[in-house]
Amino acid sequence: MTQALFEIEMVSKTYKNGTVRANEDISFVINKGEILGLLGPNGAGKSTLIKQIVAHVKPTSGEVRYEGKSVLKQLKQIAKDVAYYSQEPNSLTSLKVREAIYFTGRLRGMKRKAAKDETETLIEELELTEVANKQLKNLSGGQKRLTGLGTTLIGNAKVYIFDEPTNELDPKKRRLVWDIIQKRNRDGATVILVTHNILEAEQVVDRVAVVNHGRLLAINHVGELKDEVDQRLKCEVTTKRSFDNELLEKLKKWGTATTVSDQRFRLLISKEDAPSMLTYLNQTYGNSVLNYSIVPPSLEDVYFHIDRDQELETKEEVKSHAAAIDS
Ligand SMILES: Nc1ncnc2c1ncn2[C@@H]1O[C@H](COP(=O)(O)OP(=O)(O)OP(=O)(O)O)[C@@H](O)[C@H]1O
């Protein structure tokens, strides 16, 4: 049974004496034990929302509750239970990697031995052994990020908030970080993930919340959000030589192909039609087809679908506002 951990109720925030509206009337619940992805473009209001959740920013109106009580009334509990990996650079730059992780553990109230042991485990887990005795200021961008993740992970928090945890990391390290995040979640932690990397997020999140212009546009399980978008499959075909218009014309019976280059085109096709189209393609043009891929709707499609709908809505609002002024 799902159990609410955070309840966000009609939360709004304006900065600079009300001139900048960072978010408005946001309400949703974060369930215990889930991985919730928070998606939205730059300036959408994600960081502000996270800061309200961890009580770093007081909402102008509305309330955030943690385990039933306002976060503003339990700052110590939040600091103890929630580990927040933010985008802001680490300020402990003269510390060595090992020290930064260890001292963070100590600041979280860990005993010396426990902090030391977990520091060593994390250094190994995050593949930081070679740089463990280097000062943070002498590390590469990715190594700094991994150290930041080490300082977030030490102390077994109940809730982890990761703001772009895989930025600046190479593909292997990114995979490593997602594995660690999923393992913490399997061990019982609740995870909130802020990211622009929709493709990677799709592999790990249970539910997704989409925000833009300070508003919550959608929140649901990935599968259910996908059901709301165009269910056709994306078929991309690359041919050995330039394809002729005759081919595109023939394919029209399954859908309209858009050309990507003179050797590649894309077609949206229903699941039912895909096999006959591929058979036709192989039988008639088999020799000249280099490769093809068929992809079902992704979380990225969901994201653009929601974003486009909102843009249309905003345009409609602007139009009706202008019409009201004119009349
Ligand atoms: N301290 C502040 N003072 C004034 N305006 C702010 C402040 N913090 C954020 N804003 C504004 O509030 C809006 C939302 O910003 P926020 O940082 O929450 O967005 P974001 O979705 O996290 O963006 P990004 O993905 O770029 O980090 C933006 O218009 C931003 O300029």
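Residues numbered from 1 in each chain as written. Predicted model: local features only at pLDDT ≥ 70, side-chain atom pairs only at ≥ 80, totals over all residues.

**Q** Outline the overall build of the chain, supporting the account with residue identities and numerical values.
**A** Each helix and strand counted, the chain has 11 helices and 14 strands in total. With the C-alpha coordinates of the chain rotated into their principal frame, the extents come out at 75 × 65 × 40 Å. Out of the 327 residues in the chain, the part that is buried amounts to 31%. (Helix = DSSP H or I, 4+ residues; strand = E, 2+ residues; numbered from the N terminus. Buried ≥ 20, exposed ≤ 12 C-beta atoms within 10 Å, placed from the backbone.)

**Q** Describe in detail the sheet that holds strand β12 (residues 257-261), supporting the description with residues and values.
**A** Taking strand neighbours across the sheet as the criterion, the four strands line up as β12-β13-β11-β14 in an open arrangement whose pairing is antiparallel. With partners counted over all chains shown, the strands left at the sheet margins are β12 and β14 (289-295), one partner each. Neighbour to neighbour, the strand axes of the sheet diverge by 20° on average, direction disregarded. The pairing of strand β11 (residues 233-239) with strand β13 (residues 264-269) spans six bridges and is antiparallel. In the sheet register, L233 faces β13, and the bridge partner there is I269. (Pairing = 2+ DSSP bridges. Axes fitted to C-alpha atoms, helices over the stretch in contact; angles between N-to-C directions.)

**Q** Outline the site of the ligand, supporting the account with residue identities and numerical values.
**A** With respect to spatial proximity, the complete set of residues near the ligand consists of Y15, K16, V20, A22, G40, N42, G43, A44, G45, K46, S47 and T48. Going through the elements one at a time, β2 (20-31) and α1 (46-53) are the ones with two or more residues in the shell around the ligand. The element that contributes the greatest number of residues to the shell around the ligand is α1, accounting for three residues. By residue class, the composition of the shell around the ligand is four nonpolar, six polar and two charged. (Near = placed C-beta within 6 Å. Nonpolar A, V, L, I, M, F, W, Y, C, P; charged D, E, K, R; others polar.)

**Q** Requested: an account of unusual backbone geometry, with residues and values cited.
**A** Of note in this structure, E67 is not a glycine but carries a positive phi near 45°. Considering the arrangement of structural elements, one finds E67 in the loop between β4 (61-66) and β5 (69-70). Accessibility expressed as a C-beta count within 10 Å gives 15 for E67, which makes it partly exposed. One non-glycine residue, E127, adopts positive backbone phi at about 55°. Inspection of the secondary structure puts E127 in the loop between α4 (112-125) and α5 (141-153). By C-beta crowding, E127 is classed as partly exposed, having 13 other C-beta atoms within 10 Å.

**Q** Provide a residue-level description of the packing of helix α3 (residues 97-107) against α4, including the pertinent values.
**A** The relative placement of two packed helices comes down to the angle between their axes together with the axis-to-axis distance. It is the contact of α3 with α4, at a shortest axis distance of 9 Å, that shows an interaxial angle of 135°. With respect to α4, the axis of α3 lies oblique. Two packed elements cross with a definite hand, and for α3 against α4 that hand is right-handed. Of the residues in α4, those in contact with V97, R98, I101, Y102, G105 and R106 of α3 are A115, K116, E118, T119, L122 and I123. Grouping the amino acids of the contact of α3 with α4 by side-chain chemistry returns six nonpolar, two polar and four charged. (Parallel < 35°, antiparallel > 145°, perpendicular 65-115°, else oblique. Left-handed = near helix turned anticlockwise from the far one by under 90°. Contact = placed C-beta atoms within 7 Å.)

**Q** For the packing of α3 against α5, give the residues involved together with the corresponding values.
**A** Look at α3 against α5: their axes get within 8 Å of each other, and the N-to-C directions meet at 25°. Relative to α5, the element α3 lies roughly parallel. For the element pair α3 and α5, the recorded crossing hand is right-handed. Counting all contacts with α3, which are made through V97, A100, I101 and T104, the residues of α5 involved are T147, G150 and T151. Partitioned by chemical class, the residues of the contact of α3 with α5 number three nonpolar, four polar and no charged.

**Q** Would you mind going over the nonpolar core in detail, with residue names and values included?
**A** Counting residues in hydrophobic clusters, the biggest one holds 60 residues, and the most contacted among them are L36, L38, I161, F162, V191, L193 and V210. In this structure, C235, L251, W254 and I269 belong to the second largest nonpolar core, which totals 11 residues. (Core = buried A, V, L, I, M, F, W, Y, C linked by C-beta atoms within 7 Å.)

**Q** Account for the sheet that holds β4, naming residues and giving values.
**A** Read from one edge of the open sheet, four strands run β2-β1-β4-β5, paired in antiparallel fashion. What marks the edges here is a single partner per strand, and that holds for β2 and β5. When β4 meets β5, the two strands line up antiparallel, connected through two bridges. Looking across to β5, one finds that Y66 is bridged to K69.

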